Amino acid sequence: MSFTSTNDVIVDLKEVEFTYSGCKVPSLKRVNLKIRRKEITLLTGPSGCGKTTLCRVLTGLIPNFYPGDLKGEISIFGMDPRRNSIKDILRNVGMVLQNPETQIVMTTVFREIAFGLENQRVPPKIIRNRVLDMLKTLRMEDLLHENVYKLSFGQKQKVAIASILILRPKLLILDEPTSYLSPLATLELIKLLRELHEKEGVTILIVEHKFDLLAEHVTRIIVMKNGTIVSDGTPKEVLSKDLSKLYGVNMPSLAKFYHKLRKRGYKMESVPLTVREATEILRKEMREQ
Amino acid sequence: MIKMENVWFSYDGRKYALKGVSAEFHEGNYYAILGDNGSGKTTLLKHLNGLLRPNKGRVLVDGLDTKKIPVSILSKKVALSFQNPEAMFFSSTVYDEIAFALRNFGYKKEVIDRLVGKVLSIFDLDRYSNYSPFNLSEGEKRRLAIACVYAWEPKYLVLDEPTAGQDQIQRELLVYVIKHVVRQGRTVIIASHDVEFIAETKPYIFLLKEGKILREGPAEEVLLDEKALEKAGLIIPYIAQVFKSLDSERYRKIPINPDEASDFILNFIKRDDNFDGS
């Protein structure tokens, strides 16, 4: 099977449009999107551009939970949220919500993370081991029996992420998972996602406004504005456009640096994604001066 | 000035969230509390307006001990915007949400209308005036949370992770708000782990680790202290990492943000041109 075989396409949206009930303006307009197996995609765009709405289509929450007018062709692992239930779709797709407090339902950290596995009737012993492993990776072992509501907001975000990761969905969607995480916690999450990706071939879609630490780890960046996709490509391709100026996107600081220089008449060899790359490019250019 | 003197605090009488914190926040300055998740940042902020009171030590707001003065009086001076905006909303419209505190403070209707109108426009929320706050997007909710506390022009503006989930436009707005407030001689105190934002706005920093202040100082110094940052769950800004490994100390101060970095490179080129010419 070749890499681009159609079997690899797990999400296929054609000309998708959605208008929330009671709204006049569509929140999604002519969205065409194919997601292939094992891709790690970053979805970004200014506030209100339709990122979260798109995620809600991919999880079947639209139109099953958020009613409205949904048009276009949709295939999510062969399913269409207008015909299939949320439950069916969530067999393959897992989503971490933006605000962890809307996701947390249980009392202790352990019970919250074990909740999904308990629903899947996994034996208690296995659940315990998996939860402990997950907590260890996230440096939260000592919070095992802590009341979730007593944790800091960032710690709650980590619990919310852990409770979805542990279900090992085929397509994992994370809506601004790092917004309340420290850089250290963000790097830990990235490490965990990479492991999941390498070991289990999980496909990942991350929605984020701030992606300094993420940029080098994703295979694709998609930018949305006003309900539609305005840019889509490899991180290098997409970041070589000045997304801040064009779309109000908060670019990684290395990309901001590249564009600031460019605006002032100095063009670096290419837009750097990592510290090492930036250092190499600059070292070379400074030597040439 | 807000002064914290050896503040200890525990939520459950068992584990201490703050362990002997001392800090001063002066008028007309901009401060940031940085630290890992669960390091005590939010707990510290909640002490500034008396929402939490120390178990040991004391907090003085313009000389007033927060243990002796009700929150209602303190919060007129010290406005705190929460991390989770939904925790502070309860009005049925965005307009009422912003007007709430102003009404409580007994302002006249005309004044309230004027202030709310101004705030709605600064924070680009005009079109949502009659919306329920709960129907806004997460990013807009956070913007509204800041707008609410900005409205009554408090002497101390305290913001918990104001850049979380904000796009470039909102970040620029925030930079404007911070500059504006500080220029008026008022004080801004934020909690954050957004190192890149801190590098761009350069506050005076308190690094917090497990309830203790690990280090304090101007952003230009603290953001280059790799060891201290790492202990606090943070990393050096990417730009600074690049110029550190370029050994740029040899030339001048290490740039910590994109603006300084592009200045550095252009100056470097210019200087070399002169070199060639001489």
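Relevant structure appears above.
Residues numbered from 1 in each chain as written. Chains lettered and ligands numbered in written order. Predicted model: local features only at pLDDT ≥ 70, side-chain atom pairs only at ≥ 80, totals over all residues. Heavy atoms only, no water.

### Concerning the interface of chain A and chain B
Listed per partner, the contact involves 48 residues of chain A and 48 residues of chain B. At the boundary of chain A with chain B, total buried surface from both sides reaches about 4,200 Å², with 60% on carbon and sulfur atoms. In this structure, the connection of chain A to chain B is made through 6 salt bridges. Linking D36 of chain B and R139 of chain A is a salt bridge whose minimum nitrogen-to-oxygen distance equals 3.4 Å. Along the contact surface separating chain A from chain B lie 20 residue pairs in polar contact (both at pLDDT 80 or more). Of all the secondary-structure elements, those providing two or more residues to the side of chain A that touches chain B are α7 (153-165), α8 (183-200), α11 (253-263) and α12 (275-288) of chain A. (Contact = heavy atoms within 4.5 Å. Buried area = accessible area lost by both parts, 1.4 Å probe. Salt bridge = Lys/Arg side-chain N within 4 Å of Asp/Glu carboxyl O. Polar contact = N/O pair within 3.5 Å; in protein donor to acceptor, adjacent residues only side chain to side chain. Helix = DSSP H or I, 4+ residues; strand = E, 2+ residues; numbered from the N terminus.)

### Some details on the pairing of strand β3 (residues 40-44) of chain A
Residues and elements named next belong to chain A. Across the 5 residues of β3, 5 count as buried, placing the element largely inside the fold. Across the two faces of β3 the burial is the same, with I40, L42 and T44 and T41 and L43 all buried. Bridge count between β3 and strand β7 (residues 203-207): 4 bridges; the pairing is parallel. Paired with L43 across the bridge in β7 is V207. Strand direction decides the pairing type here: β3 and strand β8 (residues 220-225), joined by 4 bridges, are parallel. (Buried < 20%, exposed > 50% of the residue type's maximum accessible area, 1.4 Å probe, protein only. Pairing = 2+ DSSP bridges.)

### Notes on the packing of helix α5 (residues 138-150) of chain B against helix α6 (residues 168-183) of chain B
Residue and element names in this part refer to chain B. At a closest axis distance of 12 Å, the pairing of α5 and α6 adopts a crossing angle of 15°. What the angle tells us is that α5 and α6 run roughly parallel. The interaxial crossing formed by α5 with α6 has left-handed handedness. Only Q170, L173, L174, V177, H180 and V181 of α6 make contact with α5, whose side of the interface consists of R143, I146 and Y150. Of the residues contributing to the contact of α5 with α6, the split by class is 6 nonpolar, 2 polar and 1 charged. (Axes fitted to C-alpha atoms, helices over the stretch in contact; angles between N-to-C directions. Parallel < 35°, antiparallel > 145°, perpendicular 65-115°, else oblique. Left-handed = near helix turned anticlockwise from the far one by under 90°. Nonpolar A, V, L, I, M, F, W, Y, C, P; charged D, E, K, R; others polar.)

### With respect to the nonpolar core
I98, F123, L223, F243 and I265 of chain B are the most contacted members of the largest nonpolar core, which totals 133 residues. Considering each element in turn, this core owes the most residues, 7 residues, to α5 of chain B. Excluding residues within four positions of it along the chain, I265 of chain B makes contact with F257, L261, Y266, L282 and M286 of chain A together with F243 of chain B. With 30 residues, the next largest nonpolar core counts Y20, L54, V57 and L171 of chain A among its residues. (Core = buried A, V, L, I, M, F, W, Y, C linked by side-chain atoms within 4.5 Å.)

### Here we look at the packing of α7 of chain A against α8 of chain A
Residue and element names in this part refer to chain A. Remark: α7 packs on α8, axes separated minimally by 12 Å, with the N-to-C direction vectors making an angle of 5°. In terms of their interaxial angle, α7 and α8 are classed as roughly parallel. Residues K158, I161 and L165 of α7 lie in contact with α8, whose contacting residues are A185, E188, L189, L192, L193 and L196. Split by residue class, the contact of α7 with α8 holds 7 nonpolar, no polar and 2 charged.

### Some details on the sheet that holds strand β4 (residues 56-61) of chain B
All names here are of chain B. As summarised here, the arrangement of the 4 strands in space is β2-β1-β4-β5, forming an open sheet in which the pairing is antiparallel. Taken across any chain shown, the strands that pair with only one partner, and hence form the sheet edges, are β2 (16-25) and β5 (64-65). In this sheet, β5 lies alongside β4 in antiparallel orientation, the contact comprising 2 bridges. Residue pairing in the sheet places V61 in a bridge with L64 of β5.

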